[in-house]
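Observations on the three-dimensional arrangement
As a plain string of letters, each chain reads:
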Amino acid sequence: MSHTVTVKMQFKDPDAFGRAAVTLGGSVIGQGEHALFSSRERGFAVQLPGWQFPIIAREDGTLAFDDYNGQWGNRADIDRLKALYAIERARLECERLCWACEVQADGSLLVYHPSGGTLAVTAAGVIDASGFTGPSCSIATAPLAAALGIEATEDRKAEYNQSKQNVGQG
């Protein structure tokens, strides 16, 4: 792998957020002002099975929900929702860019970059680039990282400092 980017997830795509909720058996409520137990939140809301109140993606990309320490909703559902959102958001971005991709058995998304390398997107918002040399991996990961949120960390592998001429020479 030549490059790994970890992204701080932001929930700004209502289509991907809604699709993730529906995959979990939930439903889309939509954009507006929504009531939680003791507050009202503005954003795009979904309702998951077993949840007393909706889960709201605020305009700043954060989530608002009220689970009352698990009494009004299973907190593990939030982790599943986040994971499905990451993969769905990356898949939609690949579709927009006309990049081929496929969901793997482990739930990650394998992206076939037009330049020949691959990008593996995990449910945690980690993008691993493989088959790239030099800064081309940064260029390749940038659109997916931007689609998922804010880049939190970047780990450049040894291949990052190689050029195409010296790859495979030994």
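To be clear, the structure that these remarks concern was listed above.
Okay, so let's go over this structure. Quantities reported herein were computed from a predicted structural model and do not represent experimental measurements.

Rules behind the numbers
- Chains are numbered independently. Their residues run from 1 in the order of the written sequence.
- Side-chain atom pairs in this predicted model are given and counted only at pLDDT of 80 or more, local residue features only at pLDDT of at least 70, and totals for whole chains, interfaces and linings cover all residues.
- As a rule here, side-chain values cover all heavy atoms of the structure and leave hydrogens and water aside.
- Paired rings are identified among Phe, Tyr and Trp, the last through its six-membered ring, by centres lying within 6.5 Å, and are further divided according to the angle between planes into stacked (under 30 degrees), edge-to-face (over 60) and tilted (the rest).
- A run of H or I in DSSP becomes a helix once it reaches four residues, and a run of E becomes a strand once it reaches two; helices and strands are each numbered from the N terminus.
- Accessible area is worked out with a 1.4 Å probe on protein chains only. A residue is then buried under 20% of its type maximum, exposed over 50%, and partly exposed in between.
- All axes here are fitted lines through C-alpha atoms, helices being fitted over the stretch that makes contact, and every angle between N-to-C directions spans 0 to 180 degrees.
- Roughly parallel covers angles under 35 degrees, roughly antiparallel covers those over 145, roughly perpendicular covers 65 to 115, and oblique covers all other angles.
- Crossing chirality is assigned from the near helix's rotation relative to the far helix, an anticlockwise turn below a right angle marking it left-handed and a clockwise turn marking it right-handed.
- By definition in these notes, contact holds between two residues if any of their heavy atoms fall within 4.5 Å.
- Residues are grouped as follows: Ala, Val, Leu, Ile, Met, Phe, Trp, Tyr, Cys and Pro are nonpolar; Asp, Glu, Lys and Arg are charged; every other residue, Gly included, is polar.
- What makes a salt bridge here is a side-chain nitrogen of Lys or Arg within 4 Å of a carboxyl oxygen of Asp or Glu, nothing more.
- Think of it this way: DSSP has to see at least two bridges between two strands before they count as a pair.
- Grouping buried Ala, Val, Leu, Ile, Met, Phe, Trp, Tyr and Cys residues that are joined through side-chain atoms within 4.5 Å yields what is termed a nonpolar core.

By the definition in use, this model includes 9 aromatic pairs. Ring geometry for Phe-11 versus Tyr-85: centroids 4.7 Å apart, planes at 45°, classification tilted. Residue Phe-11 is located in the loop between strand 1 (3–9) and helix 1 (14–23), and its partner Tyr-85 is located in helix 2 (residues 75–97); the two are separated by 74 residues in the primary sequence. According to the relative accessible area criterion, Phe-11 is buried, its value standing at 7%.

Our focus in this paragraph is the packing of helix 2 against helix 3 (residues 136–148). Packing of helix 2 against helix 3 leaves a shortest axis separation of 9 Å and a crossing angle of 130°. Classed by the angle they form, the pair helix 2 and helix 3 counts as oblique. Along this stretch, helix 2 crosses helix 3, giving a crossing that reads as right-handed. Taken together, the residues of helix 3 that come into contact with helix 2 (itself represented by Ala-86, Arg-89, Ala-90, Glu-93, Cys-94 and Leu-97) are Pro-143, Leu-144, Ala-147 and Leu-148. Considered class by class, the residues forming the contact of helix 2 with helix 3 number 8 nonpolar, no polar and 2 charged.

What follows covers the pattern of salt bridges. Here the structure, examined in full by the defined rule, presents 11 salt bridges. Across the pair Asp-15 and Arg-19 runs a salt bridge whose closest N-O atoms are separated by 3.3 Å. With Asp-15 and Arg-19 both in helix 1, this residue pair falls 4 residues apart, about one helical turn. The exposure class assigned to Arg-19 is partly exposed, which follows from its relative accessible area of 35%. We note a salt bridge from Arg-40 to Glu-33, for which the minimum N-O separation is 2.6 Å. Salt bridges linked by common partners bring Asp-15, Arg-19, Glu-88, Arg-91 and Glu-95 together as one network.

With respect to the secondary-structure elements, Asp-67 resides in the loop between strand 5 (63–64) and helix 2. In contact with Asp-67, not counting residues within four places along its chain, are Trp-51, Trp-72, Gly-73 and Arg-75.

A separate point is the sheet that holds strand 4 (residues 55–58). Overall, antiparallel pairing links the 4 strands, which are arranged 2-3-4-5 in an open sheet. The open sheet terminates on both sides in strands that have one partner only, identified here as strand 2 (27–35) and strand 5. In terms of strand pairing, strand 4 meets strand 5 through 2 bridges, oriented antiparallel. The partner of Ala-57 across the bridge, within strand 5, is Leu-63. Of the strands in this sheet, strand 2, strand 3 (40–47), strand 4 and strand 5 are in contact with helix 1, which crosses strand 3 at around 50°.

Every other side chain in a regular strand lies on the same face of the sheet, so the side chains alternate between the two faces. Inspection of the sheet shows strand 6 (residues 100–103) paired to strand 7 (residues 109–112) by 4 bridges, in the antiparallel sense. Across the sheet, residue Val-103 finds its bridge partner in strand 7, namely Leu-109. Here strand 6 folds back onto strand 7 in antiparallel fashion, the turn holding 5 residues, of which Gly-107 has a positive phi close to 95°.

For Ile-56, the location among the structural elements is in strand 4. The class of Ile-56 is buried, set by a relative accessible area of 0%. In this structure, the C-alpha to C-alpha distance between Ile-56 and Asp-66, residues 10 residues apart in sequence, is 9.9 Å. Those residues in contact with Ile-56, other than ones at most four positions away along the chain, are His-34, Leu-36, Glu-41, Arg-42, Gly-43, Phe-44, Ala-45, Thr-62, Leu-63 and Ala-64.

The next point concerns the nonpolar core. In terms of nonpolar packing, the biggest core is built from 36 residues, with Phe-17, Ile-55, Leu-119, Val-121, Ile-127 and Leu-144 touching the most fellow members. At 8 residues, helix 2 tops the list of elements feeding residues into this core. Contact partners of Leu-144, with chain neighbours within four places excluded, come to Ala-90, Glu-93, Cys-94, Trp-99, Val-111, Leu-119, Val-121 and Ile-127. Of all hydrophobic cores here, the second largest spans 6 residues; its members include Ala-45, Phe-53, Ala-64 and Trp-72.

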